[in-house]
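Below, each chain spelled out in residue letters.
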Amino acid sequence: MAENHNWTGVTRLEQLAKAKKEAAYLPEHSIRLGIDPEWTTKLVNTITPAEVALVPVLDPDGANRAQVKICDAAFAVMLGVMRDIKGRFSKTPPFTVEDYIGMGYPIPTGIRTKKADPQGAVRVKGENPAPNQVVLVGDRQPGSLPDEPEVEVYIEYRYTVVKKGEPLLSADIRAEDLRVSLTRRGKRTVINLPEGSSGGMLYVSARWLNK
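Here's what I pulled together on the structure shown here. (Residues numbered from 1 in each chain as written. Predicted model: local features only at pLDDT ≥ 70, side-chain atom pairs only at ≥ 80, totals over all residues. Heavy atoms only, no water.)

1. Here's the deal with the overall build of the protein
Helix and strand counts for the protein stand at four helices and six strands. Traced from its N-terminal end to its C-terminal end, the protein shows the element sequence α-α-α-α-β-β-β-β-β-β. Buried positions account for 34% of the 211 residues belonging to the protein. Look at the contacts in the protein between residues 6 or more apart in sequence, and 67% of them connect residues 24 or more apart. When the accessible surface of the protein is summed, it comes to about 13200 Å², and 55% of that surface belongs to carbon and sulfur atoms. (Helix = DSSP H or I, 4+ residues; strand = E, 2+ residues; numbered from the N terminus. Buried < 20%, exposed > 50% of the residue type's maximum accessible area, 1.4 Å probe, protein only. Contact = heavy atoms within 4.5 Å. Areas by Shrake-Rupley, 256 points an atom, 1.4 Å probe, with all protein chains shown as cover.)

2. What to know about the nonpolar core
In terms of nonpolar packing, the biggest core is built from 27 residues, with Ile-35, Leu-43, Met-78, Ile-85, Phe-95 and Met-103 touching the most fellow members. Sorting the residues of this core by element identifies helix 1 (12–29), helix 2 (37–57), helix 3 (65–89) and helix 4 (97–103) as the ones contributing at least two each. Apart from residues no more than four positions distant in its own chain, Leu-43 is found in contact with Ala-19, Glu-22, Ala-23, Leu-26, Met-78, Val-81, Met-82 and Ile-85. (Core = buried A, V, L, I, M, F, W, Y, C linked by side-chain atoms within 4.5 Å.)

3. Looking at helix 1
For helix 1, which comprises 18 residues, the first-to-last C-alpha distance of 26 Å matches the rise-based estimate of 26 Å (1.5 Å per residue) to within 8%. Every buried residue belonging to helix 1 is among Gln-15, Leu-16, Ala-19, Glu-22, Ala-23, Tyr-25, Leu-26 and His-29, and all of these are buried. Taken together, the buried residues of helix 1 touch helix 2, helix 3 and helix 4. (Expected span 1.5 Å × (residues − 1).)

4. Let's talk about helix 3
Here helix 3 spans 36 Å end to end across 25 residues, near enough to the 36 Å set by a 1.5 Å rise per residue. Restricting attention to buried positions, one finds in helix 3 the residues Cys-71, Ala-74, Phe-75, Met-78, Leu-79, Val-81, Met-82, Ile-85, Lys-86 and Phe-89. Along its buried surface, helix 3 packs onto helix 1, helix 2 and helix 4. Regarding helix 3, its N-cap is Asn-64, as a side-chain oxygen of that residue lies 3.1 Å from the backbone nitrogen of Ala-66 further along. (Polar contact = N/O pair within 3.5 Å; in protein donor to acceptor, adjacent residues only side chain to side chain.)

5. Focus on the pattern of salt bridges
For the coordinates displayed, the defined rule picks out nine salt bridges. Lys-20 serves as the salt-bridge partner of Glu-51, at 2.7 Å between the closest nitrogen and oxygen. Linking Glu-51 in helix 2 with Lys-20 in helix 1, this pair joins segments that are 31 residues apart in sequence. Its relative accessible area of 32% is what places Glu-51 among the partly exposed residues. Notably, a salt bridge pairs Arg-207 with Glu-156, separated by 2.7 Å at the nearest N-O pair. Taken together, the residues Arg-207 in strand 6 (residues 201–209) and Glu-156 in strand 3 (residues 154–162) connect sequence positions 51 residues apart. By relative accessible area, which is 11% here, Glu-156 ends up buried. Taken together, the shared-partner salt bridges in this structure form one network comprising Arg-174, Glu-176 and Asp-177. (Salt bridge = Lys/Arg side-chain N within 4 Å of Asp/Glu carboxyl O.)

6. A closer look at unusual backbone geometry
The phi dihedral of Asn-132 falls on the positive side, at around 65°, and the residue is not glycine. The class for Asn-132 is buried, based on a relative accessible area of 12%.

This is the structure:
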């Protein structure tokens, strides 16, 4: 019976390839996944008979009914072991996304693959178009590390304004010490500062974020 979008493969060659992939992954990871090595042995022992039985069937003009039945029976045993392993072990931790991929299983709904962290640095320029208003323009710092294409990035700005005449912040100020946080997708961000901020000092930090 087919299950979960034919994860075992549709053709015999696909099914054999899936079995070999699983058998190659299990020896290194079975103990961590709580899979008794006996199951690896069971799977490996079904692959060779299936592979041998498949050879004459690949020639549609040469295969007879008996050879097809032998092939079907051999693959039924192999696929049965594969489904047993998946049904017994993959529904509980410590299975990870990497394990689902390594075993050739579909990733269950609700489990997201990890996106790469943004690597680049943000360059910020400031514009002062009106009193108590600043426009921050953020883009990629030239020469900073490029990000992978699938990384969906935002810019997180943190800022604090010190009004004229008030003590400036210390030289070792950290981003988390800045009180206001904004997250924006576009390059230009308008921030409206409190009345009386003109002539003061604006401290800004910026970093890339993804979801």
